[in-house]
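A structural walkthrough
Listed below, chain by chain, are the residues.
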Amino acid sequence: MLVSERIGQFFVESDGGRDRLEYTEYGSGEEWVVLLPGLLMPRRMHQPLARAMAAQGLHVVTLDLLGHGRSDQPADPLVYSMTSFGEQVVALLDHLGAEQAVIGGTSLGANVSLEVAVIAPERVKGLVVEMPVLDNALVAGLLAFVPIMLAARYLPFTANTLQKASRSVPRGLVPFWAGVALDTVDHRADSIASVLHGVIYGRLAPSSRQRRAIRTPVLLVGHPIDPIHPFVDADMLAAELPDVRFEKATSILEWRTRPERLTRAAADFARECWAAPAPRRARTRKR
């Protein structure tokens with residue numbers, strides 16, 4: 001089923017001034033879904049899921065958070081934090097005139113989704129949380145991203161060379177996920193250093209006490225054998241949330257290479273959230 005696709009933009013105020021954010025809408029109607037990408041990744045990573053969900057009658061929006069994709073990329077670590085990312089999602093809903101939405105995301109996007117549920121619970125119809133990054137990911141995350149931040153800060157030619165190389169490759173000539181990878185490294189060195197600085201040294205996610213207070217329905221997706229997104233973090237989050245449906249992926253690649261099962265689960269979940277006359281209270285876990 002073909003769905004309409006439209007690119008839009010809006011502006012948010014920050015300590016650094018007025019910043020532009022870009023998004024893509026898929027489909028139409030009042031049953032809103034907002035999808036958020038992983039750290040430094042473009043919103044295009046959720047294009048297949050957005051198209052599939054829109055074909056089910058949902059109105060899906062993918063957003064480039066500040067410092068990501070085609071949104072502005074200021075070189076100021078003070079403008080990057082989980083709370084500011086969450087506020088950007090709320091600003092998007094205001095811009096769209098959407099009273100509520102199902103909010104979902106991957107990795108960083110998963111954490112931002114949880115943040116939105118904490119700072120603006122009345123705006124959240126449900127959550128789709130894939131690969132949350134919580135307490136047990138701290139050491140692996142530091143080992144993975146601190147060297148990248150330091151290289152971008154003190155050896156900027158590394159990131160700038162990667163950016164130039166990525167821009168030399170026409171996206172239409174490479175497979176979809178290769179294009180997403182090229183877009184992920186399409187950042188200036190000062191922007192990468194600032195985003196990572198803000199994320200690493202800020203609050204990674206809402207506290208356990210705050211997560212336990214989330215009452216909205218949650219579809220949680222975790223997978224094994226990934227130190228940055230350890231399954232134990234997803235399992236811990238499932239134990240904290242009062243209304244959760246837990247889907248175990250075979251690996252980080254399942255939703256990328258064999259998306260049918262998880263895409264169907266996400267679309268069905270979002271439609272159930274919008275069909276429900278009141279917040280659900282039953283707790284279900286599926287392994």
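Residues numbered from 1 in each chain as written. Predicted model: local features only at pLDDT ≥ 70, side-chain atom pairs only at ≥ 80, totals over all residues. Heavy atoms only, no water.

What to know about the pattern of salt bridges
Evaluation of the coordinates by the stated rule reveals 19 salt bridges. Measuring nitrogen to oxygen at the nearest pair gives 2.6 Å for the salt bridge that ties D64 to R43. Residue D64 is found in the loop between β4 (59–63) and α2 (82–96), and its partner R43 is found in the loop between β3 (32–36) and α1 (47–54); the two are separated by 21 residues along the sequence. There is no split in this pair, since D64 and R43 are both buried. Among the salt bridges present, the one from E130 reaches R256, with a minimum N-O distance of 2.9 Å. (Salt bridge = Lys/Arg side-chain N within 4 Å of Asp/Glu carboxyl O. Helix = DSSP H or I, 4+ residues; strand = E, 2+ residues; numbered from the N terminus. Buried < 20%, exposed > 50% of the residue type's maximum accessible area, 1.4 Å probe, protein only.)

Examining the packing of α2 against helix α3 (residues 108–119)
Put simply, α2 and α3 touch, their axes get as near as 8 Å, and they point 75° apart. Regarding the angle of α2 to α3, the classification is roughly perpendicular. Residues M82, T83, F85, G86, E87, V89 and V90 of α2 form the contact with α3, whose participating residues are L108, N111, V112, E115, V116 and I119. In the contact of α2 with α3, the residues fall into eight nonpolar, three polar and two charged. (Axes fitted to C-alpha atoms, helices over the stretch in contact; angles between N-to-C directions. Parallel < 35°, antiparallel > 145°, perpendicular 65-115°, else oblique. Contact = heavy atoms within 4.5 Å. Nonpolar A, V, L, I, M, F, W, Y, C, P; charged D, E, K, R; others polar.)

Let's talk about the UniProt feature "transmembrane region" (unreviewed entry) in the protein
The UniProt record annotates "transmembrane region" (unreviewed entry) at residues 133–155. End C-alpha atoms of residues 133–155 are separated by 27 Å, and the span's content is 74% helix alongside 0% strand. (UniProt positions renumbered as here; feature names shortened; annotations may be inferred.)

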